[in-house]
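A closer look at the structure
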Amino acid sequence: MQIFKSISDFTLWRNSIKSQNVGFVPTMGALHLGHLSLIKTSIKSSTITIVSIFVNKLQFGPNEDFDNYPRSLEKDLDALKKMKVDAVFLPTQEELYNKSYSFAVSENKLSTKLEGASRPNFFNGVCTVVLKLFNIVKPTQSFFGQKDIQQLMIIKKMALDLNLNVKIVGCKTIRNSHGLAMSSRNQYLNNEEKLLAANIYLTLQKTKQLILNGEKYSEVVKFFTNSIKKIGLMKVDYISIARLDTFDELGDNDSLNEKNVVVSCAIFLNKIRLIDNILI
Ligand code: AMP
């Protein structure tokens with residue numbers, strides 16, 4: 001497994017790759033089974049698989065956890081080596097955003113909603129780093145988790161709107177045995193909190209059932225909010241039932257029981273913010 005820390009070293013190696021089937025999995029590290037499943041999917045469908053690890057300061061708000069974000073580089077590299085990833089790219093903050101750096105990629109529709117409404121600069125930070133990484137890594141396909149469904153749809157839209165020659169592949173959410181979606185931030189939770197947090201997905205599943213039964217929007221939202229409230233220690237940041245392609249919120253006059261509808265939520269458990277979603 002090749003490990004590159006500078007863009008020039010990486011580029012030298014990348015230019016030697018003749019394959020037209022290069023898979024790329026961008027991550028912020030602290031790798032868990034969710035990341036590993038994206039990497040497995042890439043390895044299965046690509047001749048070459050490249051993984052990047054970069055904790056992207058640009059997508060963190062001023063009061064968010066950039067400094068404390070979990071970092072476990074040695075362990076991550078061991079896992080990637082075992083999986084026989086071809087190359088790992090570990091760019092530095094100084095090189096990706098050098099002192100004179102003054103650009104950003106912004107999306108003006110999808111990213112104003114849900115996660116974007118709660119975290120104002122988040123998607124600009126994500127789009128900027130992903131576009132930069134695509135330009136350096138030059139993948140033919142790149143893999144993103146449905147766990148971050150809005151991010152996945154925004155990256156798909158970026159590839160379309162900016163004519164990027166990269167196929168964006170969505171991969172299913174990997175959960176622990178209780179249903180809690182794997183996340184690097186789960187490390188902030190103790191065992192008791194992890195069990196409580198598993199109720200988020202259970203509640204999403206019950207919410208989906210209500211939708212399939214034909215319940216109307218306001219009743220479904222009420223059910224979700226009350227169910228989370230009853231569990232205790234958790235607070236709903238948002239609950240949304242929206243069209244997947246636009247994240248336009250639905251309402252009582254809309255049919256929720258449609259294929260392109262997604263229920264997404266962000267929940268505070270004490271101070272930890274967790275997101276999850278379920279497709280209808
Ligand atoms: P992150 O390191 O959190 O930026 O995530 C890197 C990639 O892994 C993103 O495409 C995420 O959507 C994806 N990912 C994170 N958690 C999961 C999960 N539980 N299941 C599937 N994909 C995930």
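Anything mentioned here points back to the structure above.
Now for a description of the structure that goes with this document. (Residues numbered from 1 in each chain as written. Predicted model: local features only at pLDDT ≥ 70, side-chain atom pairs only at ≥ 80, totals over all residues. Heavy atoms only, no water.)

Focus: the packing of aromatic side chains
Aromatic rings considered in pairs are described by the distance between their centres and by the relative angle of their planes. Applying the stated criterion across every chain, the model contains 11 aromatic pairs. Aromatic side chains Phe4 and Trp13 sit 5.5 Å apart centroid to centroid with 35° between the ring planes, which places their arrangement in the tilted category. A single burial state applies to Phe4 and to Trp13, both of which are buried. Ring centres of Phe10 and Phe89 lie 4.8 Å apart, and the angle between their planes is 35°; this geometry places the pair in the tilted category. In this pair, Phe10 is assigned in helix 1 (residues 7-15) and Phe89 in strand 4 (residues 87-89), connecting sequence segments 79 residues apart. Just as Phe10 is buried, Phe89 falls in that class too. Here the aromatic cluster, defined as three or more aromatic residues joined through ring pairs, consists of Phe4, Phe10, Trp13 and Phe89. The ring of Phe122 has Arg119 lying over it, and the distance from NZ or CZ to the ring centre is 4.2 Å. Looking at Arg175, its charged tip hangs above the ring of Tyr201, at a distance of 3.3 Å from the centre. (Phe/Tyr/Trp six-rings, centres within 6.5 Å; stacked < 30°, edge-to-face > 60°. Buried < 20%, exposed > 50% of the residue type's maximum accessible area, 1.4 Å probe, protein only. Helix = DSSP H or I, 4+ residues; strand = E, 2+ residues; numbered from the N terminus. Lys NZ or Arg CZ within 6 Å of the ring centre and 35° of its normal.)

Some remarks on the nonpolar core
Among the nonpolar cores identified, the biggest contains 44 residues, and Ile50 and Phe134 are the most heavily contacted of them. Of all the elements in the fold, those that place two or more residues in this core are helix 1, strand 2 (22-27), strand 3 (48-53), strand 4, helix 6 (122-137), helix 7 (149-161) and strand 8 (261-269). If one sorts the elements of this core by residue count, helix 6 sits on top with 11 residues. In this structure Phe134 touches Phe24, Pro139, Ser142, Phe144, Ile155, Leu164, Val166 and Ile168, once residues within four positions along its chain are discounted. Core analysis: the second largest hydrophobic core is formed by 28 residues, Leu189, Phe224, Val261 and Val263 among them. (Core = buried A, V, L, I, M, F, W, Y, C linked by side-chain atoms within 4.5 Å. Contact = heavy atoms within 4.5 Å.)

Describing the sheet that holds strand 1 (residues 2-4)
The strand order 1-4-3-2-5-6 describes an open sheet built from 6 strands, whose pairing is parallel. Where the open sheet ends on each side, the last strands, each with one partner, are strand 1 and strand 6 (167-171). Mean inter-strand twist for the sheet, computed between neighbouring axes without regard to direction, equals 25°. Here 2 bridges tie strand 2 to strand 5 (residues 141-145), and the two strands are oriented parallel to one another. Residue pairing for strand 5: Gly23 is matched across the bridge by Gln141. Sitting on the sheet, helix 2 (residues 33-45) touches strand 2, strand 3, strand 5 and strand 6, and the angle it makes with strand 5 is about 155°. (Pairing = 2+ DSSP bridges. Axes fitted to C-alpha atoms, helices over the stretch in contact; angles between N-to-C directions.)

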